[in-house]
Amino acid sequence: MTLFVGLGNPGSKYEETRHNIGFRVIDKLVDELGARDISKNAFEGTLYRTANTFFLKPATFMNLSGKSVEIVKQFFKIELEDIIVIHDDIDLPFGAVRFKKGGGHGGHNGLRSLDAHIGKDYIRVRVGVGKPEYKSQVADYVLHPFSAEENLHLTKLIEHVVQACKALLSEELNAVKSKYSLKSIEGLG
């Protein structure tokens with residue numbers, strides 16, 4: 001069984017923000033794969049399923065994402081190496097896409113929560129959202145929508161990440177890395 005987790009914050013206020021890129025990828029995956037909603041209050045998030053694949057959008061807000069993931073992981077007995085987390089990454093330029101297994105949280109509170117609740121050895125799909133000029137602006141930056149210029153490329157970027165996630169269902173991580181990693185939005189052509 002595989003569990004895809006999109007990190008983000010619930011509510012219409014956050015829908016279009018940089019921090020919610022993980023939610024947007026999950027929405028597109030669920031739509032394309034025809035997953036059905038199997039949510040229960042106990043999961044503390046919106047959970048979808050197709051055969052042996054689950055898609056989770058935690059409703060616990062970013063800083064507590066690990067709580068919802070831990071509940072679903074334990075309920076369905078999903079192995080840590082079968083969890084794939086899609087999240088925004090300010091250390092990558094807008095449009096960059098990277099993949100890795102394990103590692104540190106890099107100051108990302110959603111990853112910090114996941115690490116505390118389930119451990120670190122899950123697969124990460126890091127989606128670059130760019131970085132503000134000053135470190136003191138990070139919280140405000142990730143909680144604001146993409147710029148008009150970024151929005152011109154966002155649909156293409158989300159589709160690229162969706163295709164990479166689908167590939168992770170049947171291909172090894174290294175093969176997906178070499179096929180789908182991007183240095184910037186220019187890599188989409």
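Our subject is the structure that appears above.
In short, a report on the structure. Bear in mind the structure is a predicted one, so any value in this text is a computation, not a measurement.

Turning our attention to the pairing of strand β4 (residues 53–58). For β4, a buried count of six out of six residues is recorded, marking the element as mostly surrounded by other parts of the structure. When strand β1 (residues 2–6) meets β4, the two strands line up parallel, connected through four bridges. Within β4, the residue paired with Val5 across the bridge is Leu56. The pairing of strand β3 (residues 45–50) with β4 spans six bridges and is antiparallel.

Before going further, it helps to spend a moment on helix α1 (residues 21–33). If you check α1, its first and last C-alpha atoms are 18 Å apart, about what 13 residues at 1.5 Å a residue would give, namely 18 Å. The complete set of buried residues in α1 reads Ile21, Gly22, Phe23, Arg24, Val25, Ile26, Leu29 and Val30. In this structure, the buried residues of α1 make contact with β1, β3, β4, β5 (83–89), β7 (123–128) and α5 (148–168). Of the residues trailing α1, Gly34 is marked for its positive phi of about 65 degrees.

A word on the packing of aromatic side chains. Throughout the structure, instances matching the rule amount to seven aromatic pairs. When the centroid spacing of 5.6 Å and the interplanar angle of 5 degrees are considered together, the rings of Phe4 and Phe55 count as stacked. In this pair, Phe4 sits in strand β1 while Phe55 sits in strand β4, placing the two residues 51 residues apart along the sequence. Overall, Phe4 belongs to the buried group, its relative accessible area being 0%. Judged by its relative accessible area of 0%, Phe55 is buried.

Here the focus is the packing of α5 against helix α6 (residues 173–180). Here α5 crosses α6 at 160 degrees, and the two axes come no closer than 9 Å. As summarised for this structure, α5 and α6 are arranged roughly antiparallel, according to the angle between their axes. The handedness of the crossing between α5 and α6 is right-handed. Contacts between α5 and α6 involve His160, Gln163, Ala164, Ala167 and Leu168 from the first element and Leu173, Val176 and Tyr180 from the second. Residue composition of the contact of α5 with α6, by class: six nonpolar, two polar and no charged.

By volume, the largest pocket is sized at about 510 Å³. Looking at the largest pocket, it is lined by 24 residues, and the ones nearest its centre are His19, Gly106, Gly107, His108 and Asn109. At the level of secondary structure, the elements contributing two or more residues to the lining of the largest pocket comprise β5, α3 (109–118), β7 and α4 (138–142). Of the residues in the lining of the largest pocket, the class split is eight nonpolar, ten polar and six charged.

Definitions and limits used
- Residues numbered from 1 in each chain as written.
- Predicted model: local features only at pLDDT ≥ 70, side-chain atom pairs only at ≥ 80, totals over all residues.
- Heavy atoms only, no water.
- Buried < 20%, exposed > 50% of the residue type's maximum accessible area, 1.4 Å probe, protein only.
- Helix = DSSP H or I, 4+ residues; strand = E, 2+ residues; numbered from the N terminus.
- Pairing = 2+ DSSP bridges.
- Expected span 1.5 Å × (residues − 1).
- Contact = heavy atoms within 4.5 Å.
- Phe/Tyr/Trp six-rings, centres within 6.5 Å; stacked < 30°, edge-to-face > 60°.
- Axes fitted to C-alpha atoms, helices over the stretch in contact; angles between N-to-C directions.
- Parallel < 35°, antiparallel > 145°, perpendicular 65-115°, else oblique.
- Left-handed = near helix turned anticlockwise from the far one by under 90°.
- Nonpolar A, V, L, I, M, F, W, Y, C, P; charged D, E, K, R; others polar.
- 1 Å grid on protein atoms, 1.4 Å probe; cavity = no way out; pocket = protein on both sides within 12 Å on 5 of 7 lines; lining within 4 Å.
- Points joined across faces, edges and corners; volume = space filled by probe spheres on them.

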